Every structure is written in structure tokens, then in C-alpha cells.
Amino acid sequence: ELQPPPPEIVPLVSFNAADVLAVEVRTGAGHVGAQRRDDGWAGPVGAKAVDDFLRALSGVGRVSHIPLGDRELAEFGLEDPARSVVLVRRQPLAPLRIDVGRDNPASTAVYVRVDRVGPIVLAGAVLTWEIDKFASRGAATAPRP
């Protein structure tokens, strides 16, 4: 008996990794960034970690979206998000910003807003894990003040 095809995953954000010139990740633990150079990536995380992060980010899907106005942002942890990712892209492409708020009640997804506009989106909780993993790699290799 044939199974129906799985529902198509709608990506949280669509981008070409080759267009990304810099990655900036902010978490409660601090800020980690990486800049593209001719020979790879410069920054406290290794080039493989940046490439893995971009690949993981491109695979995060939208679970659903919540059409809410700005007044409800605080309720979802998006007024002052605990985590954010900025992908600086080649001109004329605008930077992509992903703000990550609270977990949903089941902790299977997180509330997200892209570029500080539009709907609040529910994205897979793997997003939080990937951001924290990337940030901790940077923190582990950053020089201590």
C-alpha cells in the first residue's frame, strides 16, 4: 500500500550559503561571529562549524505561523529575543535576521520572527540547539579577557 508523500518542508529562511559573507549569532552567553575570506572563514569558530551551521539553518522548517501584531511579541519572547542570527549577504541582497523567542508549550518548536517583520513563525526546536552549539564553539575558542 502506497503512503502519501510527506508534506513538503517550507524552509524558515531561503538563502544561498555562497552569498553569505558573515554570520553573527547572539545568545545569552554572548556574541559569536565569522567572516568569509578568500580561503574560508575567519572567526573564533572553525570553517567547518560555519558551513555546518549554514547547512543546518537552511534545513530548519516552518511548522506554522501565527498572524499577530507587534503588541504580542513579548508574549512569545520576541520583544527582546534570547537568541538571534544575522546572515550578512553579498550586495544587493539584504542581511537576513532571525530572532528566536520562547519554546512552544510542548518544547518541540520555538517562536521565531524573520527580519523583524511579518508573522511569528513556529520553527523546529532544532534551531535553538544549532544556535547554541555554534555559540558554544565560539565561546570555547574565544580568548579570555
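Since the structure is predicted, the reported quantities are computational estimates derived from the model, not experimental observations.

Peer 1: Explanation requested: the overall build of the protein in the structure shown.
Peer 2: Helix and strand counts for the protein come out as two helices and eight strands. From first element to last, N terminus to C terminus, the protein shows the α and β order β-β-β-α-β-β-β-β-β-α. The buried share of the protein, taken over its 145 residues, is 40%. Pairs at least 24 residues apart make up 56% of the contacts formed inside the protein by residues separated by at least 6 positions. As presented, the protein carries roughly 8600 Å² of accessible surface, and 55% of it is formed by carbon and sulfur atoms.

Peer 1: Any chance you could explain the side chain of Ser84 here in plain terms?
Peer 2: Along the chain, Ser84 turns up in strand β5 (residues 83–89). When residues no more than four places from it in sequence are discounted, the contact partners of Ser84 are Glu24, Val25, Arg26, Arg97, Ile98 and Asp99.

Peer 1: Is there a simple way to explain helix α1 (residues 47–58) in this structure?
Peer 2: Because an α-helix packs 3.6 residues into every turn, residues spaced three or four apart end up facing the same way. Compared with the 16 Å implied by 1.5 Å per residue over twelve residues, the 17 Å span of α1 between its first and last C-alpha is a close match. Here α1 has its buried residues at Ala49, Val50, Phe53, Leu54, Ala56 and Leu57. With its buried residues spanning 165° around the axis, α1 presents them on a single face. In this structure, α1 carries Lys48 and Arg55 as exposed residues pointing more than 90 degrees from its buried face.

Peer 1: Whenever I open this one, the nonpolar core confuses me. Can you help?
Peer 2: Nonpolar side chains in soluble globular proteins tend to be buried together. Formed by 30 residues in total, the largest nonpolar core has its most connected members in Leu12, Val23, Leu87, Ile98 and Leu127. Of all the secondary structure elements, the ones that give two or more residues to this core are β1 (20–27), β2 (30–37), α1, β5, β6 (96–103), β7 (109–114), β8 (120–124) and α2 (126–141). No other element matches the five residues that α1 contributes to this core. Sequence-distant contacts of Ile98, defined by excluding residues within four places in its chain, comprise Leu12, Val13, Leu57, Arg83, Ser84, Val85, Val112, Arg113 and Leu127. Counting residues in each nonpolar core, the second largest holds seven residues, with Leu73, Phe76, Leu78 and Ala109 among its members.

Peer 1: For this particular structure, what's the right way to read the confidence of the model for the protein?
Peer 2: Low pLDDT marks regions whose predicted coordinates should not be analysed in detail. For the protein, mean pLDDT is 88; residues scoring 70 or higher make up 89% of the total. Element-level mean pLDDT values for the protein span from 84 in strand β4 (residues 62–66) up to 97 in β5.

Peer 1: How should the pattern of salt bridges be read in this particular structure?
Peer 2: Opposite charge on two side chains permits pairing when their charged atoms draw close. Counting across every chain of the model gives seven salt bridges. Put simply, Asp19 and Arg90 hold a salt bridge, and the shortest N to O gap is 4.0 Å. Of this pair, Asp19 sits in the segment before β1 while Arg90 sits in the loop between β5 and β6, placing them 71 residues apart in sequence. A salt bridge links Asp132 to Arg83, with the shortest nitrogen-to-oxygen separation between them at 2.7 Å. One end of the pair, Asp132, is in helix α2; the other, Arg83, is in strand β5, with 49 residues separating them in the sequence. The class of Arg83 is buried, set by a relative accessible area of 19%. In the salt-bridge network here, residues are joined through shared partners; they are Lys48, Asp52 and Arg55.

The rules behind these values
Residues numbered from 1 in each chain as written. Predicted model: local features only at pLDDT ≥ 70, side-chain atom pairs only at ≥ 80, totals over all residues. Heavy atoms only, no water. Helix = DSSP H or I, 4+ residues; strand = E, 2+ residues; numbered from the N terminus. Buried < 20%, exposed > 50% of the residue type's maximum accessible area, 1.4 Å probe, protein only. Contact = heavy atoms within 4.5 Å. Areas by Shrake-Rupley, 256 points an atom, 1.4 Å probe, with all protein chains shown as cover. Expected span 1.5 Å × (residues − 1). Arc of directions from axis to C-beta. Core = buried A, V, L, I, M, F, W, Y, C linked by side-chain atoms within 4.5 Å. pLDDT = per-residue confidence, 0-100. Salt bridge = Lys/Arg side-chain N within 4 Å of Asp/Glu carboxyl O.

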